[in-house]
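An overview of the molecular structure
Residue strings, one per chain:
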Amino acid sequence: MQGDNDLLLNEYYVYANKEVEHNRCCGGLLWCIKDICGIICAILTWCLIMYAEFVVTLVILLPSPYPVYSYINLVIFQIFTFLAFVSHLRAMFTDPGAVPKGNATKELIQQMGFRDGQLIYKCPKCCSIKPERAHHCSVCQRCIRKMDHHCPWVNNCVGENNQKYFVLFTFYIAVISIHALFLCVNQFITCVHSEWRECSSYSPPATVILLLFLAFEALLFAIFTAVMLGTQLQAIWNDETGIEQLKKEEARWVKKSRWKSLQAVFGRFSLAWFSPFTKPQAKLKLENYLYSV
């Protein structure tokens, strides 16, 4: 049995090595979708984060006459901004669960032990054996395991391997958006009750424009990311992806309990749930090798 498994894995690696450069960069080390729209959206996301960083730091907090208030809020904002940025990078550059292209060969199917007459799903677009709950993404040009949706803001699909990072990204963006909105409102109140020239190192008109744009950005992204966060958590809670909900697919898989569904995405409950530097330790199975790059 072990010899058959080794032969099967060797066959798999032949196909995986053939496509090592597809949707990858940095010599195949990072997953990277070469989509112009997605790249522009990702860069725009970074620019908006940096703008909020600039206004909160240089316009609101550092000129503040209250050092304790300033430093406490500065540390909190910097920590959550850093976590949001790292979560975005992990969601963007992590393979979401792509199925190897061209693995639907007669030899590999026979070695996988499928019985005669057994139903096998193949993707006609990428010529791959389609695992249960996998869907083809026209942007990534791959079948993605447990694909929820393709998000241009992270220039990647949200799937089995990077859903945790996407959830953390929406969570931390919502947190810093609410925090920035609070700081904006508080700054307006402070400036109204004092001299505008004294509450900022910039001119009053420039300060007003910077604060208004930040307030608009913060309110917009707080609502958007909060909705996305709620949608993702509901999908995980019900063990049903966004595509499955949209297509109203009948559940042919055995649904996990709600707690097991959360653990499948975030791992065992700990502070690591909130860390974009850790990933859940999935159980290694032969099938996982066959359906991953």
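Residues numbered from 1 in each chain as written. Predicted model: local features only at pLDDT ≥ 70, side-chain atom pairs only at ≥ 80, totals over all residues. Heavy atoms only, no water.

**Describing the overall build of the protein**
Tallying secondary structure elements over the protein gives nine helices and eight strands in all. Counting over 293 residues, the protein shows a buried share of 46%. For the protein, the proportion of contacts with a sequence separation of at least 24, taken over those separated by at least 6, is 69%. (Helix = DSSP H or I, 4+ residues; strand = E, 2+ residues; numbered from the N terminus. Buried < 20%, exposed > 50% of the residue type's maximum accessible area, 1.4 Å probe, protein only. Contact = heavy atoms within 4.5 Å.)

**With respect to helix α3 (residues 67–93)**
Across its 27 residues, α3 extends 38 Å between first and last C-alpha, which sits within 8% of the 39 Å expected from 1.5 Å per residue. Of all the positions in α3, only S70, N73, L74, F77, T81, L83, A84, V86, S87, H88, A91 and M92 are classed as buried. (Expected span 1.5 Å × (residues − 1).)

**Overview of a nonpolar patch on the surface**
Taken together, the side chains of I36, I39, I40 and I43 define a hydrophobic patch exposed on the protein surface, amounting to about 370 Å² of accessible area. For I40, the position within the fold is in helix α2 (residues 36–61). Overall, I40 belongs to the exposed group, its relative accessible area being 54%. (Patch = residues over 30% accessible without salt bridge, like charges linked within 9 Å, V, L, I, M, F, W, Y side chains within 5 Å. Areas by Shrake-Rupley, 256 points an atom, 1.4 Å probe, with all protein chains shown as cover. Salt bridge = Lys/Arg side-chain N within 4 Å of Asp/Glu carboxyl O.)

**A closer look at the packing of aromatic side chains**
This structure, assessed with the given rule, holds 13 aromatic pairs. Each member of the aromatic cluster is reached from another via a ring pair, and the members are F80, F171, Y172 and F274. (Phe/Tyr/Trp six-rings, centres within 6.5 Å; stacked < 30°, edge-to-face > 60°.)

**Some words on the side chain of T225**
Topologically, T225 is positioned in helix α6 (residues 204–237). For T225, a relative accessible area of 4% puts it in the buried group.

**Thoughts on the packing of α3 against helix α5 (residues 163–192)**
Running from N to C, α3 and α5 point in directions that differ by 150°, and their axes come no closer than 8 Å. Put simply, α3 runs roughly antiparallel to α5. Pair α3 / α5 crosses with left-handed handedness. For the contact of α3 with α5, the residue count by class is 18 nonpolar, six polar and one charged. (Axes fitted to C-alpha atoms, helices over the stretch in contact; angles between N-to-C directions. Parallel < 35°, antiparallel > 145°, perpendicular 65-115°, else oblique. Left-handed = near helix turned anticlockwise from the far one by under 90°. Nonpolar A, V, L, I, M, F, W, Y, C, P; charged D, E, K, R; others polar.)

**Re the UniProt feature "transmembrane region" (unreviewed entry) in the protein**
Those places that UniProt annotates as "transmembrane region" (unreviewed entry) correspond, in this numbering, to residues 39–62, 68–86, 165–189 and 209–229. Between the first and last C-alpha atoms of residues 39–62 the distance is 33 Å; the span itself is 96% helix and 0% strand. Taken as a whole, residues 165–189 contains 100% helix and 0% strand, while its terminal C-alpha atoms sit 36 Å from one another. (UniProt positions renumbered as here; feature names shortened; annotations may be inferred.)

**Some remarks on the environment of N162**
Within the element layout of this structure, N162 appears in the loop between β8 (156–158) and α5. Take N162: its relative accessible area is 0%, and that puts it in the buried class. Expressed as a C-alpha distance, the spacing of N162 and R90, which sit 72 residues apart in the sequence, is 7.4 Å. Residues in contact with N162, not counting those within four places in the same chain, are A91, T94, P96, N156 and C157. In terms of polar contacts, N162 uses its side chain to reach the backbone carbonyl oxygen of A91, at 3.1 Å. (Polar contact = N/O pair within 3.5 Å; in protein donor to acceptor, adjacent residues only side chain to side chain.)

**Description of the pattern of salt bridges**
All chains considered together, the criterion is met by four salt bridges. Of the charged contacts in the structure, one is a salt bridge between R24 and D95, with a shortest N-O distance of 3.5 Å. Highlighted residues: R24 in strand β1 (residues 24–25) and D95 in the loop between α3 and α4 (106–111), separated in sequence by 71 residues. Assessed through its relative accessible area of 12%, D95 is described here as buried. Residue R133 pairs with E244 through a salt bridge whose shortest N-O separation is 2.9 Å. Placement of the pair is R133 in the loop between β4 (128–129) and β5 (134–137) and E244 in helix α7 (residues 242–247), with a sequence separation of 111 residues. By the burial criterion, R133 is buried, and E244 matches it. Taken together, the shared-partner salt bridges connect R133, D239 and E244 into one network.

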